[in-house]
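Results of the structural survey
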Amino acid sequence: MAGERVDVLRLGYRLGRDPRITTHLALVGRALGANRFLLAGDEDPKMFENLDSVASRFGGGMECEHVNAPMGWLRRFVEEDAGDGSPGVAVHLTMYGEPFREAIPRIRRDRPMVIVVGGAKVPGDVFKYCQYNIAVGNQPHSEVAALALFLDAWYGDSGSVRTFDDARLIIEPSANGKRVRDLDQEEE
Ligand code: SAM
């Protein structure tokens, strides 16, 4: 999949309450086209290890990082440096935003993008820093669903669904059951 880097920034992570849904968020990001997963709030090296473990079997390792000061990180990303010395594009997924299918055609694709998703409470500054506040329907639901639908619409026909060259386990689509190639066994 070609294109500029896509990061996912998850705000307000709480150890104890959020690991499962946040792991799912990272896995959806990995599977549907994001390149990097950034976690703000509590640190959780164990969750990053679990994500690495999935990537070691199914390929497609995603860079994972903890962000200590997310509002400063976001301000810098949109105003100064998205990683290459120039500003990037920040998209905030929120039920209060504008419809995603209407907004996507207006978002520039020639700069790195960060997709920001919230936790229990989203700081007001996020609405100010992000150039786009985007809703996947104006009802409260889940950051996982919002990210999946956004990435699918973002990549559209060019395909949000990724395959990974470094996979050791490859799932072969089947209408009848589980078909998985294990490259380690094939090479023995
Ligand atoms: N009060 C929060 C808000 O501002 O949307 C709801 C918290 S919700 C449990 C966690 C996150 O899921 C939100 O911060 C947002 O990123 C995402 N989310 C929930 N519903 C959404 C929707 N309809 N459209 C886009 N994102 C949504």
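Residues numbered from 1 in each chain as written. Predicted model: local features only at pLDDT ≥ 70, side-chain atom pairs only at ≥ 80, totals over all residues. Heavy atoms only, no water.

In terms of regular secondary structure, the chain is built from seven helices and eight strands. Here the C-alpha radius of gyration of the chain, 17 Å, is about what a compact globule of 188 residues would show, namely 16 Å. Judged by the C-alpha coordinates and their principal axes, the chain covers about 55 × 35 × 35 Å. Burial analysis of the chain (188 residues in total) assigns 42% to the buried set. Of the contacts made within the chain by residues no fewer than 6 positions apart, 78% connect residues no fewer than 24 positions apart. Accessible surface, the chain: about 10300 Å² in total, of which carbon and sulfur atoms supply 49%. With 23 positive and 29 negative side-chain charges, the chain shows a separation of 5 Å between the mean positions of the two kinds. (Helix = DSSP H or I, 4+ residues; strand = E, 2+ residues; numbered from the N terminus. Rg over C-alpha atoms; globule rule 2.2 N^0.38 Å. Buried < 20%, exposed > 50% of the residue type's maximum accessible area, 1.4 Å probe, protein only. Contact = heavy atoms within 4.5 Å. Areas by Shrake-Rupley, 256 points an atom, 1.4 Å probe, with all protein chains shown as cover. Lys, Arg positive; Asp, Glu negative; His and termini not counted. Charge placed at Lys NZ, Arg CZ, Asp CG, Glu CD.)

Ranked by internal contacts, the top residues of the largest apolar core, which has 34 residues, are F37, V91, L93, I107, I134 and F150. Among the elements that line this core, the one with the most residues is helix α6 (residues 143-155), at seven residues. Other than its neighbours up to four places away in sequence, I107 contacts V89, V91, M113, Y132, I134, F150 and W154. (Core = buried A, V, L, I, M, F, W, Y, C linked by side-chain atoms within 4.5 Å.)

Our focus in this paragraph is the site of the ligand. Looking at the ligand, there are 18 residues lining it, with L93, G118, V136, G137 and Q139 nearest. If the ligand stood free it would expose 550 Å²; the protein chains cover 85% of that surface. With respect to the detected pockets, the ligand is housed in the largest pocket. For the shell around the ligand, the class distribution of residues is 10 nonpolar, seven polar and one charged. (Near = heavy atom within 4 Å. 1 Å grid on protein atoms, 1.4 Å probe; cavity = no way out; pocket = protein on both sides within 12 Å on 5 of 7 lines; lining within 4 Å. Sits in = over half its atoms within 2 Å of the grid points. Nonpolar A, V, L, I, M, F, W, Y, C, P; charged D, E, K, R; others polar.)

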